[in-house]
Amino acid sequence: MPLNLAVAASICSLFCSLFAIVSAEDPYRFFNWNVTYGDIYPLGVRQRNRNGIQNRRNSFEDGVYGTTCPIPPGKNFTYILQVKDQIGSFYYFPSLAFHKAAGGFGGIRILSRPRIPVPFPDPAGDYTVLIGDWYKSNHTDLRAHLDKGKKLPLPDGILINGRGSGAAFNVEQGKTYRLRISNVGLQNSLNFRIQNHKMKLVEVEGTHTLQTTYSSLDVHVGQSYSVLVTADQPARDYYIVVSSRFTSTVLTTTGILHYSNSAGPVSGPIPGGPTVQIDWSLNQARSIRSNLTASGPRPNPQGSYHYGLINTTKTIRLSSSAGQVNGKQRYAINSVSFIPADTPLKLADYFKIGGVFRIGSISDNPTGGGIYQDTAVMGADYRAFIEIVFQNDEDIIQSYHLNGYQFWVVGMDGGQWTSASRNQYNLRDAVARVTVQVYPKSWSAIYIALDNVVSISLEEQPWIASRGSSGSRWIKRQRVSSMAHGFTGFVGGYRKSRSDRSKVKQPSMQQQAYPVISAANLVEWCAASGPLLC
């Protein structure tokens, strides 16, 4: 089921009002998105201004550095995305040059096929709810702030669908509604709650979940949740509250759940929520499980295996760190802060251009050394089933997003991960999703099947907006790499033919000169080469 999205520039206006909705009745959906600069005032200050969709067979349209060509002003690019084995709630956002701090994100809904039963009745309405922290400063000023060696300050506020306050959602008494909640912010986890109402969780990033009821829900950066809310209270207006988590100063914003027969405005105190309690959030995260009886797509579309019955062939341990490099604030994974090459990595791989990257330039275990910069690439085997452990030794929460893939979140806990930590893994009904949080001084572990001959970008979300470029990925090898400013990981491997199972020797950095392809002439090259490479 191809989904064609035509985008007309590289920089997005805040909160494009179009939501992409895909169903299975017609195999084609075409959307034209005209994207440009614009003046916005989300917190009263003038400012100038796809997360989760799986990649099939190739990563050339992943939308980040190294795979998708940048879109210069006045040019366009057509995304062709196959979503036949997917359902769920996702969102899109710009991924280069700190543009995410300028907005430009929106929701994507992938609906189930009409004949496949959904494990809950059709709701009376379906709302996309985009929440996130927000800075009054321009995105270029924020990037310059990092380049001066400083960390990002506390945000100026929190937005709900682009508004600092007053976002309203209309309901009719007695009916049930679906809310698709996504945290599209830069670095803060947020708690979502509705005054006097319960929320029944039904879906997480493409996976139907056990239908657990919550009074509030932690939504970490990059994550998406679907909940059912029934308008079963006396007819009036109620607060929708979003507040920051794990911050010294709690930021709060409100919206309104408006009953159509409301007898009055919101009243009473704004309902409070959790603030800095890590155990509360950890226990809630562990309670989110897959609904094993629900129909619908699976991370393994053919249903040929259960993740808990497969032996992992490799363990990759990734540890994040922060520091300064040449007086600029940078972030690293396993001590490496990624710097983009002049030649896109996918092109370098396809044309076998030496001197652009070197597989093995980042370790698959923490080194404990100081931060240094490199165009870091890690190799792994095609069709391997691997374990990735994220170790967070920082004092802030982190979340990792895997571009184009789902993975199983098998465990998380405080302290240092050891091999004995596997004893507490959930090998039965772990949720499959695309973004996982890692709590301060804690670890999280995932299982992933490398069943696609593409590279996959593993991005550390709270720092993703602070890097100079997005992650890269390529078709024949997959890799893990860290990012400039922030960092991105890539897990991947070599395609092994039947006649040659040995790994290909990589060219040294001195072997040959390579062409420098600028963004301006790259568009013309891409147009001539077709979508296979760009």
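Residues numbered from 1 in each chain as written. Predicted model: local features only at pLDDT ≥ 70, side-chain atom pairs only at ≥ 80, totals over all residues. Heavy atoms only, no water.

Description of the pairing of strand 19 (residues 237-244)
Here is the key point about a regular strand: its side chains alternate between the two faces of the sheet. With eight of eight residues buried, strand 19 is to be regarded as a mostly interior element. What you see with strand 19 is no split at all: Asp-237, Tyr-239, Val-241 and Ser-243 on one side and Tyr-238, Ile-240, Val-242 and Ser-244 on the other are buried throughout. In the sheet, strand 13 (residues 190-194) pairs with strand 19 via five bridges, with the strands oriented antiparallel. Paired with Leu-190 across the two strands is Ser-244, which belongs to strand 19. In this structure, strand 19 lies alongside strand 20 (residues 252-259), joined through seven bridges in antiparallel fashion. Along strand 20, the bridge assignment pairs Ser-243 with Thr-252. (Buried < 20%, exposed > 50% of the residue type's maximum accessible area, 1.4 Å probe, protein only. Helix = DSSP H or I, 4+ residues; strand = E, 2+ residues; numbered from the N terminus. Pairing = 2+ DSSP bridges.)

With respect to the pattern of salt bridges
Evaluation of the coordinates by the stated rule reveals 11 salt bridges. The partner of Glu-203 in a salt bridge is Arg-178, and the shortest N-O contact between them spans 3.1 Å. Highlighted residues: Glu-203 in strand 14 (residues 199-204) and Arg-178 in strand 12 (residues 176-183), separated in sequence by 25 residues. Look at Glu-203 and you get buried, because its relative accessible area is 0%. For Arg-178, a relative accessible area of 9% corresponds to the buried category. The residue Arg-245 makes a salt bridge to Asp-218 at a minimum N-O spacing of 3.0 Å. Highlighted residues: Arg-245 in the loop between strand 19 and strand 20 and Asp-218 in strand 17 (residues 216-219), separated in sequence by 27 residues. What makes Arg-245 buried here is its relative accessible area of 1%. (Salt bridge = Lys/Arg side-chain N within 4 Å of Asp/Glu carboxyl O.)

So, helix 1 (residues 139-147)
Along helix 1, the residues classified as buried are His-139, Leu-142 and Leu-146. Around the axis of helix 1, the buried residues are gathered within 60° of arc, so they sit on the same side. One or two positions beyond helix 1, positive phi appears at Gly-149, with a value near 90°. (Arc of directions from axis to C-beta.)

Considerations on the sheet that holds strand 20
Read across the open sheet, the five strands follow the order 11-20-19-13-17; overall the sheet is mixed. The open sheet is flanked by strand 11 (168-171) and strand 17, the only strands paired with a single partner. Averaged over neighbouring strand pairs, the angle between their axes works out to 20° when direction is ignored. Along the sheet, helix 2 (residues 278-286) contacts strand 13 and strand 17; its crossing angle with strand 17, the most-contacted strand, is approximately 90°. (Axes fitted to C-alpha atoms, helices over the stretch in contact; angles between N-to-C directions. Contact = heavy atoms within 4.5 Å.)

Remarks on the nonpolar core
Ile-131, Leu-179 and Phe-192 are the most contacted members of the largest nonpolar core, which totals 32 residues. Those residues in contact with Ile-131, other than ones at most four positions away along the chain, are Leu-159, Ile-160, Ile-181, Ser-182, Asn-183, Val-184, Gly-185, Leu-190, Phe-192, Val-219 and Val-242. Judged by nonpolar contacts, the second largest core, of 28 residues, contains Ala-285, Ala-376, Val-409 and Ile-446. (Core = buried A, V, L, I, M, F, W, Y, C linked by side-chain atoms within 4.5 Å.)

Topic: the confidence of the model for the protein
Per-residue pLDDT for the protein has a mean of 76; in total, 69% of the residues score no lower than 70. Note on residues 1-19: pLDDT is under 50 here. Beyond four places in sequence and across chains, it has 99 contacts. (pLDDT = per-residue confidence, 0-100.)

Describing unusual backbone geometry
Positive phi, normally seen in glycine, also occurs at Lys-352, with a value near 55°. Relative to the elements of secondary structure, Lys-352 occurs in the loop between helix 3 (345-350) and strand 24 (358-359). For Lys-352, a relative accessible area of 58% gives the class exposed. Positive phi, close to 70°, is recorded for Arg-383, a residue that is not glycine. In this structure Arg-383 comes out as exposed when scored by relative accessible area, which is 65%.

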